[in-house]
Amino acid sequence: FPRQNPGTYKSSKIPVSKCPVPCYNIFAIIKKNPYGGIFMLPNDPVMLLSYINLKLRDFYPSLDALCEDLDIDREELTEKLAAINYRYDEGTNRFA
């Protein structure tokens, strides 16, 4: 695939802001990663759910530990996922 210029749609010179198809930014930059680079969380609630449940399953014993380590506001996170009818279950350590 040819390399695309940043800020253009496909290989044309159309700016993303004038893209004929909705071009959503699915990531929201949250903070700088202490290990270098940028740490990002998905902005889309369904992708956020998948990402958070993966992290809880594979790396963190609780939501509090995840929020503390990643410097995420627990209340804001639970509100975003509550908007799509998911609640944190401490017994299974996941949003269900």
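Read on for a plain summary of the structure. Each chain has its residues counted from 1, running along the sequence as written. Confidence filtering applies because this is a predicted model: local features only for residues at pLDDT of at least 70, side-chain atom pairs given and counted only at 80 or more, and all residues used for totals across whole chains, interfaces and linings. Side-chain calculation: all heavy atoms of the structure are included, whereas hydrogens and water are not.

**Describing the environment of Leu 49**
Mapped onto the elements, Leu 49 comes out in helix α1 (residues 45-58). Whether a residue is buried, partly exposed or exposed follows from its accessible area with a 1.4 Å probe, protein chains only, as a fraction of its type maximum: under 20%, in between, or over 50%, in that order. Residue Leu 49 is classed as buried on the basis of its relative accessible area, which comes to 10%. If sequence neighbours within four positions are ignored, Leu 49 has contacts with Leu 81, Ile 84, Tyr 86 and Phe 95. Helix numbering and strand numbering both begin at the N terminus, where a helix is a DSSP run of H or I of at least 4 residues and a strand a DSSP run of E of at least 2. Should any heavy atoms of two residues lie within 4.5 Å, those residues are considered in contact.

**A word on the side chain of Asn 53**
Position of Asn 53 among the secondary structure elements: in helix α1. A relative accessible area of 17% means that Asn 53 is categorised as buried. Ignoring any residue separated from it by four or fewer positions in sequence, one finds Asn 53 in contact with Arg 94 and Phe 95.

**A look at the pattern of salt bridges**
Salt bridges are identified by distance alone: a Lys or Arg side-chain nitrogen within 4 Å of an Asp or Glu carboxyl oxygen. In this structure the tally under the stated criterion is three salt bridges. Across the pair Arg 57 and Asp 58 runs a salt bridge, and its minimum N-O distance is 2.8 Å. For Arg 57, a relative accessible area of 61% translates into the label exposed. Across the pair Asp 64 and Arg 74 runs a salt bridge whose closest N-O atoms are separated by 2.5 Å. A residue pair is termed long-range when its members are at least 10 positions apart, and Asp 64 in helix α2 (residues 63-70) and Arg 74 in helix α3 (residues 74-82) qualify at 10 residues.

**Things to note about the nonpolar core**
The definition of a nonpolar core used throughout is a set of buried Ala, Val, Leu, Ile, Met, Phe, Trp, Tyr and Cys residues joined through side-chain atoms within 4.5 Å. Core analysis: the biggest nonpolar cluster contains 15 residues, and Ile 52, Leu 56, Leu 63, Leu 66, Ile 72, Leu 77 and Phe 95 have the highest contact counts within it. Looking at this core, the elements with two or more residues in it are α1, α2 and α3. In contact with Ile 72, other than residues within four places in its own chain, are Leu 41, Leu 66, Cys 67 and Leu 77.

**Let's talk about the packing of α2 against α3**
To get an axis, fit a line to the C-alpha atoms, keeping to the stretch in contact for a helix; angles then go from 0 to 180 degrees between the N-to-C directions. One can describe the packing of α2 onto α3 by two numbers: an axis separation of 10 Å at closest approach and a directional angle of 120°. Of α3, the residues touching α2 (which contributes Leu 63, Asp 64 and Cys 67) are Arg 74, Leu 77 and Thr 78.

**Structural notes on the environment of Cys 67**
Within the secondary structure, Cys 67 sits in helix α2. Sequence-wise, Cys 67 and Ile 52 are 15 residues apart; in three dimensions their C-alpha atoms are separated by 10.0 Å. If near-sequence neighbours (up to four positions away) are discounted, Cys 67 is found in contact with Ile 72, Arg 74 and Leu 77.

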